[in-house]
Amino acid sequence: MPIASFQPPVRTLMGPGPADVHPRVLAALARPTIGHLDPAFVAMMEELKSLLRTAFRTENALTMPISAPGSAGMETCFVNLVEPGDTVIVCVNGVFGGRMCENVTRAGGNLVRVEAPWGRAVDPNALEDALKSHPEASLVAFVQAETSTGASSDSRQLVELAHRHDCLTIVDAVTALGGSPLEVDAWGIDAIYAGSQKCLSCTPGLAPISLNERAVAKLKARRAPVQSWFLDLNLVLGYWGDGGGRRSYHHTAPVNALYALHEALLMLCEEGLEPSWARHRQHHLALRAGLEALGLELLVPEAERLPQLNTVAIPDGIDDARLRRGLLEAFNLEIGAGLGDLAGKAWRIGLMGYSCRAENILLCLSALGTLLNAMGHRADTGTALTEAQRVLSGT
C-alpha cells in the first residue's frame, strides 16, 4: 500500500504533556519561513526574549529558548554550570530529579542525593542537613513541579537555604511555567529551564532557560570547557545576542517553532500571569471535585499538589492499560500512565495551558465514569459532572 500524507487523529490531550496546542499557535507555525539571520527574524528573537522574561518574572539578560526539548534545557544548565569535581546536591522526589542526577554524573560532578517520597514535596529540612554535611557543595538542584508525580515543592524556601550555604541553584520549571506561581528574580533562582509543550500551549521542541548574573559569572570562570558543543552557552549567546550588533552563526534555528513560541508567550501576556495561575487552580479544583465524586483519590497531599498535573490512584481491580486504551479509542482522550514507583498505580491527568478548559474536564469525567462503571467500579458520573460545574461556575 502506498504511503499517503499523515493525517493525525484529533485528540484531547490531558496527559503529562504535550498539552493541546492553541489554534493561534498552530496558525503561527504555518507562516512563511524566513532565514534564521533575516533582520525580521532577529527582531522577532528580541521580542521573544522579552516575552520569556515576562513569563519567568525576571530581568536576566541571559533568557532565551534552547533549540531542543525541555530535557536539553536541563542538560544546558548542568553542562554549563557543573565542572568536574564540583559537589552538587540534587533533591529527588520523582523521575526528573533522577535525571538531574544523571546530568551531574555525566558532567563529572560529585553527586549528593536528597531523597523524598514520590508524590511529596522536597523536604527543606533534608536539604539543610545535606548542606551542613557537605560544606564543599557549590550547587543545589531540584524540580519545582515534578511531572512524574504531580508534587509541587517550595522553590523560594529551597533557594533561600541553598544561598545561605553559598550554593547556586538550578530549578526545573518544565511543568510550572505559566501554570503555577514562579518568580525567578524575587525568589533568587540562579538558573532555570522549562519546556514549550505544557502550560504555554505550544508545540514540543523548545526549552526556555534563564540564568542570572551569578550563574553567568560561574560559567565565565570555568576552568574546563563545556563538554557539549551545541549547548555551550558561550557559543549560543553569539547567535542569540545581547540586543544589538552582529550575530554569529551557531545553528539553524527552528524558525517556525520559534514563531509558535512567540505567539504562545504573547497569549500568556494577554491573559496575564496571575489570571493564568488562577485559571489552572480553579480548573484543578473542579476536576478534583468531579474525581472525588467518581470515587477516585488524588495521591499528593492537598498542600503539595500541582494544579496542572493531577495524580490519581487507580482503584483496585481496574486494568490501567485497558482503561487508558478505552479513553483513546472511544473518546479520543489521552491521559498519562504512572512512571517509576507509580507505574501501574496511578494515572496522571493534565490541565495545562489550552488543555485547561471546562469542556475538557467534563469530557474527562464523563469518559472516566463510563469506563469505570463498565469495568466494575461504581462511579456516579452525574454527580461528578454536577460537582465540577459547580466549582467552575464559582457557586
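Because the structure is a prediction, the values reported are computed rather than measured. (Residues numbered from 1 in each chain as written. Predicted model: local features only at pLDDT ≥ 70, side-chain atom pairs only at ≥ 80, totals over all residues. Heavy atoms only, no water.)

Moving on, we get to the nonpolar core. Counting 99 residues, the largest nonpolar core has Phe-41, Ile-66, Ile-89, Ile-170, Leu-182, Leu-211 and Leu-233 as its most contacted members. It is helix 10 (residues 255-271) that provides the largest number of residues to this core, a total of 10 residues. Not counting residues within four places of it along the chain, the set of residues in contact with Ile-89 comprises Val-112, Val-114, Leu-127, Ala-130, Leu-131, Ala-137, Leu-139, Val-140 and Ala-141. The next biggest cluster of nonpolar side chains, apart from the first, holds 32 residues, and it includes Val-312, Ile-318, Leu-365 and Leu-371. (Core = buried A, V, L, I, M, F, W, Y, C linked by side-chain atoms within 4.5 Å. Buried < 20%, exposed > 50% of the residue type's maximum accessible area, 1.4 Å probe, protein only. Helix = DSSP H or I, 4+ residues; strand = E, 2+ residues; numbered from the N terminus. Contact = heavy atoms within 4.5 Å.)

Time to look at the pattern of salt bridges. Applying the stated criterion across every chain yields a total of 19 salt bridges. Here Asp-20 and Arg-357 are joined by a salt bridge, their closest N and O atoms 3.2 Å apart. Of this pair, Asp-20 sits in the loop between strand 1 (12-13) and helix 1 (23-29) while Arg-357 sits in the loop between strand 14 (346-350) and helix 13 (358-374); the two residues are 337 residues apart in sequence, bridging distant segments of the chain. Across the pair Lys-49 and Glu-46 runs a salt bridge whose closest N-O atoms are separated by 3.1 Å. Here Glu-46 and Lys-49 lie together in helix 2 (residues 39-56), a separation of three residues that amounts to about one turn. Salt bridges here are not isolated pairs; linked through shared partners, they connect Arg-24, Arg-31, Glu-263 and Glu-270. (Salt bridge = Lys/Arg side-chain N within 4 Å of Asp/Glu carboxyl O.)

Turning next to the pairing of strand 2 (residues 62-66). The buried fraction of strand 2 is high, at five of five residues. Relative to strand 10 (residues 207-211), strand 2 is paired through five bridges, and the arrangement is antiparallel. In the sheet register, Pro-65 faces strand 10, and the bridge partner there is Pro-208. (Pairing = 2+ DSSP bridges.)

Together, Trp-229, Phe-230 and Leu-235 line one region of the surface with nonpolar side chains, adding up to about 290 Å² of accessible area. Residue placement: Leu-235 occurs in helix 9 (residues 233-240). A relative accessible area of 33% means that Leu-235 is categorised as partly exposed. (Patch = residues over 30% accessible without salt bridge, like charges linked within 9 Å, V, L, I, M, F, W, Y side chains within 5 Å. Areas by Shrake-Rupley, 256 points an atom, 1.4 Å probe, with all protein chains shown as cover.)

Quick look at the sheet that holds strand 3 (residues 87-92) now. Hydrogen bonds along the backbone pair up the strands of a sheet, which may run parallel or antiparallel. The seven strands are arranged 2-10-9-8-5-3-4 in an open sheet whose pairing can be described as mixed. Only two strands of the sheet have a single partner each, and these edge strands are strand 2 and strand 4 (110-115). With strand direction ignored, the average angle separating the axes of adjacent strands in the sheet is 15 degrees. Two elements, strand 3 and strand 4, share six bridges in a ladder whose sense is parallel. From the neighbouring strand, Ile-89 faces strand 4, where its bridge partner is Val-112. Contacts from helix 4 (residues 95-106) reach strand 3, strand 4, strand 5 (139-143), strand 8 (168-172) and strand 9 (191-193) within the one sheet, and its direction differs from that of strand 3 by about 165 degrees. (Axes fitted to C-alpha atoms, helices over the stretch in contact; angles between N-to-C directions.)

Take the pairing of strand 5 next. Burial of strand 5 is extensive: five of the five residues sit out of reach of the surface. Residues of strand 5 alternate between two faces, with Leu-139, Ala-141 and Val-143 on one and Val-140 and Phe-142 on the opposite face, all of them buried. In the sheet, strand 3 pairs with strand 5 via three bridges, with the strands oriented parallel. Within strand 5, the position partnered with Ile-89 by the bridge is Val-140. Relative to strand 8, strand 5 is paired through five bridges, and the arrangement is parallel. Looking at strand 8, one finds that Leu-139 is bridged to Leu-168.

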